[in-house]
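Each chain, written out:
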Amino acid sequence: MFFLLFFLSVTEVCDRPLVSSLPPSSFRSSSQLSTSHAPGFAKLNRRDGAGGWSPIISDRYQWLEVDLGERTKITAVATQGRYGSSDWLTSYLLMFSDTGHNWRQYRQEDSIGSFPGNSNADSVVHYKLQQPAIARFIRLIPLDWNPNGRIGLRLETYGCPYTSDVVSFDGGSSGLLYWLTSGLKRTSRDVVTLKFKALRNSGTLLQAEGQEGLSLSLELERGKLLLLLRKGRTSSTEPQRLVSLGSLLDDQHWHHVAVERRGSHLNLTVDKHTERVQIPAEFSHWISQKPVTSKKNFNGCLENLLYNGHNLIELAKNKKQQVTISGNVTFSCAEPVSVAVTFTGPESFLQLPGTTMSSSGGVSIGFQFRTWNKKGLLLSFELPQQGGVAWLYLSEARLQLQIHKSGASLNDGQWHSVELNSRQGRLTITVDKEERDSSQASPSFPVTVESHLFFGGKTQFNGSQKCRNLFSVFQGCMRLFTVDNQNLDLIKVQEKQLGNYSNLQIDICGIIDRCSPSPCEHGGPCSQSWTVFHCNCSDSGYSGATCHSSVYEQSCEAYKHNGNTSGHFYIDVDGSGPIKPQLVYCNMTEENTWMVIQHNNTELTRLRPFTGVNQYSIHFDYSSEEEQLLAVIKQSEHCEQELSYHCKMSRLLNTPEGSPLSWWFGGPGAGRVQTYWGGAQPGSQQCACGLQGDCVDLQHYCNCDADRMEWTEDSGLLTHKESLPVRSLVLGDIQRPGSEAVYRVGPLQCHGDRNFWNAAFFDKETSYLHFPTFHGELSADISFLFKTMASSGVFLENLGIKDFIRIELSSSTQVVFSFDVGNGPLEVRVESSFPLNDNRWHRVRAERNVKEASLRLDELPVATQEAPADGHFHLQLNSQLFIGGTASRQKGFRGCIRSLQLNGVTLDLEERAKITPGVQPGCPGHCSSYGSLCQNHGRCVERANGFHCDCNLSAYTGVFCQTEVSASFKSGTSVSYTFKEPYEMSRNSSALPSSIYSDMTLRGENVSLSFRTNQSPALLLYVSSYYREYLAVLINKHDKLEVRYKLDSSRDTEVLRSKVRSLANGQLHTVSIRRLTDSVSVQANSCALPLDPHCSLHIFYLAHFLSPESDDLDADLSRLASLGFTGCLSVVHFNTISPLKEALLRPNSSPVIITGPLAQSNCGSAASANSYSAENTHHLSDQSGSVGSGVPLVNSIRIDSALIGGTKLLYLCIFFTGLYL
């Protein structure tokens, strides 16, 4: 907020009565019940006549008007009913005017139009105006009155005299030129204040010259005030628009303007709205030059034009030399009388008399209108000779007569003139005559107007009823009505002497620009109709009625807890605050979630000596803006940035006692000089090796300072947040012959979200935290997470004298957002179909703005309540903000509240909880809410701030154990995983022991894997014991799946075959096998067998358990194994072991042996391409059994032994042709 200094020497008391001493002639009214009820009796506390004013009819078309005699400053209004009666007002409107015409409605807080009236005939209701009004005439319009009486009124207004100097310009070459005195001391501050009243919507108000041909001008353009910067002194120079303020400023009412320059900053204020802009340094002083001539000079009046306290109008009137007058300038403000009417709704219309055929054989109708609506009926009249009706209307902001169109963009709020002429059989419609936009039609009949002209939304012609719905209602203003070039007097219409009307506001244009200033935040474009505005938030990154709430999360940590994995995300660090969203990379592959912000050079960069260059300076430009960077660093728990210097005869910090030869800048803005290196402490002038004491030369604190001919390096992480990010490097010792250097500055990386995990636990209903008063006068958003086992409680409450705001858990399934801003309580409720007291985190987001209130719970649909039609009062709170409890007698909250943000600002619950009895900082126990994110048997592990998924018992990896572990196999690739007990392991074995301890007897197994291949036949899995019992999974020569079990050497092998063909088709297939004692079930491609006969395998029962007896290895399997496996194996799981994952991720610490090429890939992803379509397919010759013969590979199947259990020896090894176990 910027404040302007005005030149008032004393504070004047401005509250003296203005009405009580006026003569009766100063009062006018729409009507009077009798002479004793005349308006002259409407003086406060007077009992003359009938004790006040009453009109003949009590309706909303009545008014009472007072002429104060001259323009006066009005600060308050008081009303009273008619003495000794049942007649009083309960609400009313106030209008002000300088001329008795062109009234302006006074609005409280720019939105509320009505004033509260009386509750009886004698008490006085006094209302102080929030902003004083300057006017000569005041008009009061009754809205509601005692239903058991009629309109009755006595009133008083309070204020003081108002003095002003006025000058009028005709819009031609007239103007004032103020010459700065050459000897006047120049200051760094200039202030210009004025009021203006415009008779035309465009024109130059003010112009100031700077140095080197620069000029600033204030120009009115289509009712908006623009601050323009020009280079050069010709009007043809295209100006730069610095700012635009205000709207509808051509309404012939006074508007206040102030321009304050402080150095290179300039504040522009129009009425109550201020914008700050930067101007060129050449404008540090204003000078006088010949003004730029403008095609459109200002047409209207200026009042109290002050420059640094000098009254320029007074100087001009007194013909002082500093001010030069040019053109037609007068020191008064004569205004043309232009009576406008306002069409407010569906029943508004204006009926005016028509005309007969003129001697020229035609008719002429003219008027002006302004509106925001795209549609609306403007004019209709009867065609008596043809028995028809003509309609002139707006459709999609185009003017149409029946189906003929003219004009463009007519719903822009500007005045547009319309002329309808019929001459000699040709009908012409002209829109905005100055722009020469017209269309013509040639009807086959003469157009005459012999009865009535209807303007607005009502037609009363015979047979026209069925056509009324074709046209939308016109809402807007009209003026300057002419018929056959004769002006029509609307005051006579108001006095019922001419025509007729309904639901019109006469002698006032009540148009309001709801988009100035724009209620749309974060750059969302604003559009409007007569009654509402609309914000287009589609490209802003924000949502809601006013584009207030961000659609993005505030950190990578928040995205992770929504179930997202690594990738690029938009981050909005301050939610609904002013900082824009930024695109960052979220690395979620580690236990910590890293936010990565790149700059323009993160690669290793080589430097060599260059003639004449003693220092290299490298600047880094980040992908995020300055305020975004600083907010990320502040919000994160930890930030770091790699800083590396590889050197060859290139000293770095010149340790231990010399001046640094190189340094870097880090921190906010351009950064501060830093003379330490990565891995060391700020201010130490050391590198990491100096801190650790292991530099190559212990006499120095950096490796590079040893100045050796060999390559060495100083590298490490910068972790001091106040020094981040690195802004630039200055490298100085690279000019000597033989010097070389390579540097690298890594991206900025941060993890941890201090706001996201900021929490407090309320263990009693009477416990609470309190914070300063919440300020959300016109817009507010509140978001937080909660978890509880209680069925009700107040999350948040802030009270005022009458106003309040509250969010509560009203029942175990309902959250309520309620508030009162002076026009009655309003509630928004969201009902959940599931209990909310389940001790899991739930998210609440509430928002209130000038258009609506909304509440969202988790991902349930948003509940909304529209604001009252006449807008909101400001939310006026004065108590402390209570969190988890309440100042009233409501029930407090028991449970946890986390990440509480008000208007994008996080409240530090933890710090306040540390000093508050009954409230504990932090809130453990997150797996109950987020544990379901851990997939594929991953285990949720609690952390103080959050959780992580332990994937050790899963065949998958990744932040949520969601990433398949896959490998591409060639025909010569094999992997062996051996189970052994540590105390029974053979000493000469080359395999490492497994960490899994098996049962004495293997009573069953759970086996799953996915595969993708074009090879058939192919052995996928082989599990074998020392005694030659085995389990084999394979694709036979018919491209079908086979599962073979041999658990008794005295019996034949049990074979299960699928009925599904084409498993060797290069697509991804999944197999799951489960055995418990003598029961086996198999699933293929997620088909639960044998429910689907087309994909089922037989379920059978084994008659015997494993025995120590053994036979030779199955010859068919041996021949099949010799072929190897070409394809993809993925997520291989055997009981609690993931052998393929161990081989790929931990080959040196697991009991695995890898032979041949084994490459990790994403071939196991369902979305991955067919990586094996080009591989050779092996087909064996038809032999007995289901597989063919071939030459065995050397050691293709190893038989290793392991002790499983303690009493019964069972030697077991699991093999794959691609992967052996």
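From a predicted model like this one, the values you see are computed outputs, not experimental measurements.

1. Digging into the overall build of the protein chain
Scanning the protein chain from terminus to terminus reveals nine helices and 84 strands. Among the 1221 residues that make up the protein chain, the fraction classed as buried is 53%. Within the protein chain, counting contacts between residues at least 6 apart in sequence, those at least 24 apart form 69% of the total. Looking at the protein chain as shown, the accessible area adds up to about 54,600 Å², and 49% of this sits on carbon and sulfur atoms.

2. A few points about the state of the cysteines
Inspection of every chain in the model, using the stated rule, returns 16 disulfides. For Cys520, the disulfide goes to Cys535, at an S-S distance of 2.0 Å. The chirality of the disulfide connecting Cys520 with Cys535 is left-handed, given an S-S dihedral of about -90 degrees. Remark: Cys535 occurs in strand β39 (residues 533–535) and Cys520 occurs in the loop between β37 (504–506) and β38 (526–528); sequence separation between them is 15 residues.

3. Topic: the sheet that holds strand β48 (residues 663–666)
One open sheet holds the four strands; their spatial order is β46-β51-β48-β49, and the pairing between them is antiparallel. Across the chains shown, the open sheet's two edge strands, defined by having one partner strand only, are β46 (616–619) and β49 (672–674). On average, adjacent strands in this sheet sit at an angle of 20 degrees to one another, irrespective of strand direction. As paired elements, β48 and β49 share three bridges and run antiparallel to each other. Within β49, the residue paired with Trp664 across the bridge is Gln674.

4. Topic: the environment of Asp714
Mapped onto the fold, Asp714 is located in strand β50 (residues 712–718). Look at Asp714 and you get buried, because its relative accessible area is 2%. Between the C-alpha atoms of Asp714 and Gln686, which are 28 residues apart in sequence, the distance is 9.9 Å. Every residue in contact with Asp714, bar those within four places of it in the chain, is listed here: Leu643, Ser644, Tyr645, Leu652, Trp677, Cys687, Cys689, Cys702, Asn703 and Cys704. Within polar-contact distance, the side chain of Asp714 engages the backbone nitrogen of Asn703 at 2.9 Å.

5. Some words on unusual backbone geometry
A cis amide bond links Thr655 to the next residue, Pro656, at an omega of 10 degrees. One can find Pro656 in the loop between β47 (636–648) and β48. Cis geometry marks the peptide bond from Ser1016 to Pro1017; its omega dihedral reads -5 degrees. Here Pro1017 shows up in the loop between β74 (1004–1012) and β75 (1018–1025).

6. Focus on a nonpolar patch on the surface
The grouping of Leu33, Ile56 and Ile57 at the surface amounts to a nonpolar patch, some 260 Å² of accessible area in total. In this structure, Leu33 sits in the loop between β2 (27–29) and β3 (64–80).

7. Considerations on helix α4 (residues 626–635)
Looking at α4, one finds that the buried residues are Gln628, Leu629, Ala631, Val632, Ile633 and Gln635. Buried residues belonging to α4 abut β43 (582–587), β44 (594–597), β47, β51 (726–731) and β53 (748–753).

8. Structural notes on the packing of aromatic side chains
Evaluated as defined, the whole model comprises 32 aromatic pairs. A ring pair is formed by Phe786 and Phe893, whose centres lie 6.4 Å apart and whose planes are at 85 degrees; its orientation type is edge-to-face. You can see Phe786 sitting in strand β56 (residues 780–787) and its partner Phe893 sitting in the loop between β64 (881–883) and β65 (895–902), a full 107 residues away along the chain. In this pair, the class of Phe786 matches that of Phe893, namely buried. Within the aromatic cluster, the residues linked to one another by ring pairs are Phe343, Phe367, Phe369, Phe455, Phe474 and Phe481. Stacked on the ring of Tyr61, the Lys or Arg Lys496 has its end atom at 5.9 Å from the ring centre.

9. Comments concerning the pattern of salt bridges
Oppositely charged side chains can form a pair if their charged atoms are brought close together. Applying the stated criterion across every chain, the model contains 39 salt bridges. Residue Arg230 is joined to Glu219 by a salt bridge in which the shortest nitrogen-to-oxygen separation is 2.8 Å. Here Arg230 is found in strand β14 (residues 224–231), whereas its partner Glu219 is found in strand β13 (residues 214–221), with eleven residues between them in sequence. Each of the two residues, Arg230 as well as Glu219, counts as buried. Several salt bridges share partner residues, and in doing so they unite Arg71, Asp98, Lys197 and Glu303 into one network.

10. Some details on the sheet that holds strand β12 (residues 203–209)
Pairing is antiparallel in the open sheet, where four strands are placed in the order β12-β13-β14-β15. The outermost strands of the open sheet, each flanked by one partner alone, are β12 and β15 (240–245). Taken pair by pair, the neighbouring strands of this sheet meet at an average axis angle of 20 degrees, ignoring direction. Relative to β15, β14 runs antiparallel, the two sharing five bridges. Residue pairing across strands places Leu226 opposite Ser244, the latter belonging to β15.

11. A word on the nonpolar core
Residues Tyr645, Trp677, Leu729, Leu748 and Phe947 are the most contacted members of the largest nonpolar core, which totals 63 residues. Contacts of Leu729, omitting those with residues within four sequence positions, involve Tyr616, Ser617, Ile618, Phe620, Leu643, Trp663, Trp664, Trp677, Tyr743 and Val745.

12. Let's talk about the confidence of the model for the protein chain
The share of residues in the protein chain with pLDDT of 70 or more is 82%, and the mean pLDDT across the chain is 81. Long-range and interchain partners of residues 1–10, a stretch whose pLDDT sits below 50, account for 14 contacts in this model, where long-range means more than four residues apart.

13. As for the pairing of strand β60 (residues 825–831)
Side chains of β60 alternate between two faces, with Leu826, Val828 and Val830 buried and Pro825, Glu827, Arg829 and Glu831 left unburied. Hairpin connection of strand β59 (residues 814–820) to β60: four residues between the antiparallel strands, including Gly822 at a positive phi of 100 degrees.

14. Observations regarding the environment of Gln598
Here Gln598 is to be found in the loop between β44 and β45 (605–607). A relative accessible area of 36% places Gln598 in the partly exposed class. Taking C-alpha positions, Gln598 is 9.7 Å from Phe620, a pair spaced 22 residues apart along the chain.

15. A word on the pairing of strand β7 (residues 125–145)
In the sheet, β3 pairs with β7 via eleven bridges, with the strands oriented antiparallel. Counted as the bridge partner of Glu65 is Arg139 from β7. Bridge analysis of strand β4 (residues 89–97) against β7 gives eight bridges, and the strand direction is antiparallel. Among the inter-strand pairings, Met95 is bridged to a residue of β7, identified as Arg139.

16. Considering the side chain of His842
Locating His842 in the fold gives a position in strand β61 (residues 842–848). In this structure His842 comes out as buried when scored by relative accessible area, which is 8%. Side-chain polar atoms of His842 contact the side chain of Asp838, separated by 2.8 Å. Polar contacts involving the side chain of His842 include one to the side chain of Asp858, which spans 2.8 Å.

Reading guide: rules and limits
- Residues numbered from 1 in each chain as written.
- Predicted model: local features only at pLDDT ≥ 70, side-chain atom pairs only at ≥ 80, totals over all residues.
- Heavy atoms only, no water.
- Helix = DSSP H or I, 4+ residues; strand = E, 2+ residues; numbered from the N terminus.
- Buried < 20%, exposed > 50% of the residue type's maximum accessible area, 1.4 Å probe, protein only.
- Contact = heavy atoms within 4.5 Å.
- Areas by Shrake-Rupley, 256 points an atom, 1.4 Å probe, with all protein chains shown as cover.
- Disulfide = S-S within 2.5 Å.
- Pairing = 2+ DSSP bridges.
- Axes fitted to C-alpha atoms, helices over the stretch in contact; angles between N-to-C directions.
- Polar contact = N/O pair within 3.5 Å; in protein donor to acceptor, adjacent residues only side chain to side chain.
- Patch = residues over 30% accessible without salt bridge, like charges linked within 9 Å, V, L, I, M, F, W, Y side chains within 5 Å.
- Salt bridge = Lys/Arg side-chain N within 4 Å of Asp/Glu carboxyl O.
- Phe/Tyr/Trp six-rings, centres within 6.5 Å; stacked < 30°, edge-to-face > 60°.
- Lys NZ or Arg CZ within 6 Å of the ring centre and 35° of its normal.
- Core = buried A, V, L, I, M, F, W, Y, C linked by side-chain atoms within 4.5 Å.
- pLDDT = per-residue confidence, 0-100.

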